[in-house]
Amino acid sequence: MRSEPQTGASFPLKLAAGVGIAFLHLPILLILVYAFTTEEKSFQWPPPGLTLKWFAVAWNRPDVWDALWLSVKVASISTIIALVLGTLAAAAVSQTRFFGREAISLLVILPIALPGIITGIALRSAFSLADIPYSMWTIILGHGTFCVVVVYNNAVARFRRTSGSLIEASMDLGADGFQTFRHIILPNIATALLAGGMLAFALSFDEVIVTTFTGGQQSTLPIWMLQELIRPRQRPVTNVVAVIVVLVTFLPILAAFYLTRDTDEVAGSGK
Amino acid sequence: MTAAVSFSKVSRHFGSVRAVDAVDLVVQPGEFFAMLGPSGSGKTTCLRLIAGFEQPSAGHIEIFGETAEGVPPYRRNVNTVFQDYALFPHLSILDNVAYGLMVKGMGKTERHRQAEQALEMVKLPGYGTRKPGQLSGGQRQRVALARALINRPRVLLLDEPLGALDLKLREQMQEELKSLQRSLGITFIFVTHDQSEALSMADRVAVFNNGRIVQAASPQEIYSRPKTRFVADFVGSSNVIDPAAMARFGGLERWASLRPEAISIGAEGQLRANVRSSSFLGAATRVSVLAEGVSLSVMVPAGQPVPDVGADVNLGWAPGDVHYMDDVA
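Predicted, not measured: the structure shown is a model, and the values here were computed from it.

**A look at the overall build of chain A**
Looking only at helices and strands, one finds 11 helices and zero strands in chain A. Seen in sequence order, chain A has helices and strands lined up from the N terminus as α-α-α-α-α-α-α-α-α-α-α. Within chain A, buried positions represent 39% of all 271 residues. Counted over contacts in chain A with a minimum sequence separation of 6, partners at least 24 positions apart contribute 73%.

**Observations regarding the interface of chain B and chain A**
Each partner contributes to the interface: chain B provides 26 residues, whereas chain A provides 22 residues. Each partner contributes to the roughly 2000 Å² buried at the junction of chain B and chain A, and carbon and sulfur atoms together form 59% of this total. Interface area lost by chain B to chain A is led by Y74(B), H90(B) and Y99(B), which between them contribute 33%. Inspection of the chain B/chain A interface yields one salt bridge. Note that R48(B) is salt-bridged to E168(A), the shortest N-O span being 2.7 Å. At the junction of chain B with chain A, the criterion picks out nine residue pairs in polar contact (both at pLDDT 80 or more). Breaking the side of chain B that touches chain A down by element, the ones donating at least two residues are helix 1 (43-51), strand 6 (78-81), helix 2 (93-103) and helix 4 (137-149) of chain B. In terms of residue count, the dominant contributor to the side of chain B that touches chain A is helix 2 of chain B (five residues). The residue inventory of the side of chain B that touches chain A, partitioned by class, reads 15 nonpolar, five polar and six charged.

**Topic: the domain arrangement of chain B**
One widely used convention gives an interface's size as the accessible area the parts lose upon coming together. All names here are of chain B. Under the domain assignment used here, chain B contains domain 1 (5-231) and domain 2 (237-324). Computed from C-alpha coordinates alone, the two centres of domain 1 and domain 2 are separated by 39 Å. If you look at the interface, domain 1 gives five residues, while domain 2 gives seven residues. Of the roughly 620 Å² buried where domain 1 meets domain 2, counting both sides, 57% is carbon and sulfur surface. The largest share of the area that domain 1 buries against domain 2 comes from Y223, P226 and R229, three residues that together contribute 75% of it. For the pair domain 1 and domain 2, the number of links is zero salt bridges. Linking domain 1 with domain 2 are two residue pairs in polar contact (both at pLDDT 80 or more).

What counts, and at which threshold
Residues numbered from 1 in each chain as written. Chains lettered and ligands numbered in written order. Predicted model: local features only at pLDDT ≥ 70, side-chain atom pairs only at ≥ 80, totals over all residues. Heavy atoms only, no water. Helix = DSSP H or I, 4+ residues; strand = E, 2+ residues; numbered from the N terminus. Buried < 20%, exposed > 50% of the residue type's maximum accessible area, 1.4 Å probe, protein only. Contact = heavy atoms within 4.5 Å. Buried area = accessible area lost by both parts, 1.4 Å probe. Salt bridge = Lys/Arg side-chain N within 4 Å of Asp/Glu carboxyl O. Polar contact = N/O pair within 3.5 Å; in protein donor to acceptor, adjacent residues only side chain to side chain. Nonpolar A, V, L, I, M, F, W, Y, C, P; charged D, E, K, R; others polar. Domains from an automatic or database assignment.

Below, the structure is given as structure tokens:
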């Protein structure tokens, strides 16, 4: 017999939990409200009036569009690279045994444990040593280091649960390596890859530190926002953009959460 | 006639472990062949060598006269029923069974029709739309069987096929596997550690130990004339008597096996023994006796008087029933 979950938590506990959640989320609400304020030079509370004008202003600013476009490109390409490399690494580590397997597993995960500033400085000095000019591709390389980890972690967990005899069974029934990948491996790891890819996209989309060190003159959306905060003009435009960033990063994470929630049932028949 | 599978001096080493050690083996076409042995004796590795999941470290394997080394599993006309069944969890039962036809490029309608037929053969008609997770262990095993047989393999490999089933289901599946094999005429090779399963199902049994085949013979031969002490011990049920005791019993000073039903309890016997325990088995009663410090088991057929526990009795057997064995593993 399972005992029923306790219902009545004590009032102070409820209060503490409520305060904790408010502390975490009220600032985000503030950002949302400031996107509609009529006052443009300083953040004045309460807002003297509400307006939709900043959305129109943001829409007409080419620098916003440039930054947004760059961020989308960087996040998409980093995610694609991470999906390919992360899946291959996960397959190698979980399906085979070789010398140094544990070490490689650790090395793949390390970039997400390292502070971004270390990764950033290391990459910057490596790029200048190798005489690589800073460009969108150097940013992508920088983001790739931690995007791979996210995909790898998701894929390796799924691979470990996928019985190795499924692959043998597929080969036994006449499927070559490619057919086995397409009909058996991919459908079994698809949701894990989707979740990992979405997390990677969201991580890349709002990354600041590594981008600062690996980017040249161009700015991604988060970098653009940092620069914009210094200028005391049209400040609510930053908030409008912030709202967009929240939406773009929050939705994939939410989707990833729902996709991997009940991981016992493997979704997607690959058809 | 070409052998279905033949091994000549085949070895498979994993590092310093000799999982399979210079094995010679011939399986005839249409044979129901059992590989019997304790875990780690090399029987499963032999099966994987035939399937193509392992490559031999040394030696030569032929499948229906064709060299098997270097041929990947998907190009061998051999299919496997896996120990854990290995059904694809994301596919329906019908798509699981039709998988082999699908990767060969057969159209959907035709392969689904054939898959439905295969499901009928294993007595699971109409189960096609379910997922593997919705079936019981016994049903999953039938699906695995249908999925392998639909490809019309020349050799079917079964890895501990009945290991996960309960006793009643296991006996039923033994019958069905035998009749399926007889009607299809396909060579069946199955691996098991259960000696009664091997003896009751197979035409021929190979007993494995330490990566080698100790004896390959008919079940009758294995049972009544075990080649070595290991075979007698592993196949069980027979009395294994050490050389010193055998000498005291008036035989040769060698390891011997003596079947429990070959010993008779009666006045004409020469050997005195004391009854320690008895258990009723239905068709017979198994009586445990102690004679000259050696514990023996004696089978008393139903209808004959069973001595009381603690009673002194006389034992006797025909000298020809004593089978002498090599003292090697």
